[in-house]
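As a plain string of letters, each chain reads:
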Amino acid sequence: MFRNLLRFIDRCVGFVALVLCLPVIRLILYQLNDRAGKKEEGPKTFLVIKMVGMGDAVMALTVLDCLKRRIPNSKIIALTTPITAGIWEKQPCFNKVIDYDILGDQKGIYSLIKLVCRLRKEQIDCVIDFEPYVRMTAMLSMFTGAAQRIGFYYGNSYRKNAFTDPVELNPRVHRMKAHMALLAPLGIQIEVHTLKPLLVTEEDRVILRQWLHDKEIHNGHRIVVIHPGSGERGKTRRWPEESFIELTNLLLKNSDSTVIFCGSEKEKSLTDSICSNVSSDRAMSVAGELSIRTLAALLCQTDLFIGNDTGPMHLSAAMGTPTIGLFGPETPVRYGPFGGKNINFYGSVPCSPCISIHLGQVPDCHQQRPICMAEIKPNDVWKGAQKILT
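Below, the structure is looked at part by part.

Quick notes on the rules
- Residues numbered from 1 in each chain as written.
- Predicted model: local features only at pLDDT ≥ 70, side-chain atom pairs only at ≥ 80, totals over all residues.
- Heavy atoms only, no water.
- Buried < 20%, exposed > 50% of the residue type's maximum accessible area, 1.4 Å probe, protein only.
- Helix = DSSP H or I, 4+ residues; strand = E, 2+ residues; numbered from the N terminus.
- Contact = heavy atoms within 4.5 Å.
- Pairing = 2+ DSSP bridges.
- Axes fitted to C-alpha atoms, helices over the stretch in contact; angles between N-to-C directions.
- Right-handed = clockwise from strand over helix to strand, strands pointing away.
- Phe/Tyr/Trp six-rings, centres within 6.5 Å; stacked < 30°, edge-to-face > 60°.

Some words on helix α11 (residues 311-318)
At step 1: In terms of burial, α11 is a largely internal element, eight of the eight residues being buried.
At step 2: Where α11 is concerned, the buried positions are Gly311, Pro312, Met313, His314, Leu315, Ser316, Ala317 and Ala318.
At step 3: Packing partners of the buried residues in α11 comprise α2 (54-70), β7 (222-227), α10 (292-299), β10 (304-308), β11 (323-327) and α12 (332-335).
At step 4: At the exit of α11 stands Gly320, carrying a positive phi of roughly 80°.

Focus: the sheet that holds strand β2 (residues 75-80)
At step 1: In spatial order, the strands read β3-β2-β1-β4-β5-β6; together these six strands make up an open sheet with parallel pairing. Across the chains shown, the open sheet's two edge strands, defined by having one partner strand only, are β3 (96-99) and β6 (165-168). Taken pair by pair, the neighbouring strands of this sheet meet at an average axis angle of 20°, ignoring direction.
At step 2: Of the pairings in the sheet, the one linking strand β4 (residues 126-129) to strand β5 (residues 148-153) comprises four bridges and is parallel in character. Bridged to Val127 within β5 is Arg149.
At step 3: Sitting on the sheet, α2 is in contact with β1 (45-49), β2 and β4, with an inclination near 160° to β2.
At step 4: Across the sheet, helix α5 (residues 135-143) lies against β1, β2, β4 and β5, angled at about 175° from β4, the strand it touches most.

Points about the pairing of β2
At step 1: Of all six residues making up β2, five are buried, and the element is well covered by its neighbours.
At step 2: Sheet analysis places β1 next to β2, joined by five bridges and oriented parallel. Residue Ile49 lies in a different strand from β2, and its bridge partner there is Leu79.
At step 3: As a crossover connection, the stretch from β1 through α2 into β2 is right-handed.
At step 4: With four bridges connecting them, β2 and β3 associate as parallel partners. Bridge pairing links Ile77 to Lys96 in β3.
At step 5: On the question of chirality, the crossover connecting β2 to the parallel β3 by way of helix α3 (residues 82-88) is right-handed.

A look at the environment of Leu79
At step 1: Mapped onto the fold, Leu79 is located in strand β2.
At step 2: By relative accessible area, Leu79 is classed as buried at 0%.
At step 3: In this structure the C-alpha to C-alpha distance between Leu79 and Tyr100, which are 21 residues apart in sequence, comes to 7.0 Å.
At step 4: The residues contacting Leu79, other than those within four sequence positions of it, are Leu47, Val48, Ile49, Lys50, Met51, Trp88, Ile98, Tyr100, Leu115, Leu119 and Leu140.

Let's talk about the sheet that holds β11
At step 1: With respect to topology, six strands assemble into an open sheet ordered β9-β8-β7-β10-β11-β12, the strand pairing being parallel. The sheet terminates laterally at β9 (283-285) and β12 (343-346), the two strands that pair on one side only. Averaged over all pairs of adjacent strands, the angle between their axes in this sheet comes to 15°, without regard to strand direction.
At step 2: Looking at chain direction, strand β8 (residues 257-261) and β9 are connected through three bridges and run parallel. What sits directly across from Ile260, in β9, is Met284.
At step 3: Along the sheet, helix α8 (residues 241-254) contacts β7, β8, β9, β10 and β11; its crossing angle with β7, the most-contacted strand, is approximately 175°.

A closer look at the packing of aromatic side chains
At step 1: Across all of its chains, the model carries two aromatic pairs by this definition.
At step 2: Here the aromatic rings of Trp88 and Phe94 are separated by 5.0 Å at their centres, their planes lie at 45°, and the arrangement is tilted. Comparing Trp88 with Phe94, the two get one shared label, buried.
At step 3: Here the aromatic rings of Trp239 and Phe244 are separated by 5.0 Å at their centres, their planes lie at 80°, and the arrangement is edge-to-face. When sorted by exposure, Trp239 lands in the same class as Phe244, which is buried.

Take a look at the structure:
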């Protein structure tokens with residue numbers, strides 16, 4: 001719902017703003033900057049923008065860690081929304097995280113003007129926009145008055161006109177590599193093979209230890225975490241419920257693992273339903289119980305993660321947990337869990353992939369049960385899990 005509304009606003013307002021207002025913005029804002037004089041040389045202040053997409057926010061941490069290590073005296077300010085704020089809060093690469101609730105308490109033109117004024121006071125030198133297609137974030141990068149603005153465009157997208165250093169998004173490579181390309185205009189070209197893990201604090205560990213104690217999960221237990229949900233982007237990414245049930249029964253029958261079903265509060269009915277159809281008390285539904293950072297702490301102690309193409313899958317890969325990703329509408333070539341020890345299962349059918357995130361296209365499948373996800377067989381996933389658990 002949140003994402004669909006954002007897309008609607010962006011389609012209605014963003015295109016008109018980019019086409020009609022861009023020349024005026026350039027004229028007014030950047031002439032004012034010239035009159036005010038150039039900022040004295042010193043540590044650079046970066047603004048990084050990522051409004052939605054938990055998985056992309058996880059991968060962006062690796063990019064920003066590289067930036068911070070290459071330019072250690074830089075100041076990095078993050079602009080995000082409540083959807084991804086939990087990923088970026090308290091991470092050491094950021095000096096400040098601005099949580100902009102665009103459809104909540106901060107909706108409306110007045111709040112947007114306040115945000116622009118706040119960002120201009122930060123004297124931003126460079127904007128890095130991680131959004132692949134959103135027009136309004138491209139406009140916002142202009143409003144900051146930053147002399148250098150880096151962001152994605154694809155094809156004939158008008159986003160290109162908002163950036164001093166537009167980077168063409170390559171949809172044929174993994175999104176992690178595409179994100180790293182945003183550093184090229186800064187002269188930073190690094191090849192990465194693993195993701196930067198989220199910082200897990202001692203407070204997070206204390207909360208997790210108490211939670212594990214309450215659940216009677218002890219150090220000797222092997223843990224398999226499963227995320228059967230599909231976030232807010234639709235049920236087309238979701239492996240069938242009966243497939244998760246069959247896989248879980250295979251895991252419990254053939255290993256001594258404790259299986260934990262995670263998810264958001266909205267996914268609790270799904271995880272509860274799966275657990276109620278599993279023939280063991282070693283499976284538990286904990287949807288809605290864990291914050292993002294507590295889940296990250298749990299993944300540090302997890303032997304295997306299995307999940308659909310969603311944010312928790314990328315979080316698992318970032319925490320170094322062996323990860324199995326399940327794909328159908330999207331291809332693992334672009335969004336597979338990043339890292340050498342992870343496994344992908346792809347329900348390849350003629351109509352897949354149908355998602356083009358670089359164009360903002362996330363269609364709902366015309367099938368009630370997407371045939372691509374049904375192509376993935378539980379026994380095959382179990383064989384992949386065996387390789388990791390043994």
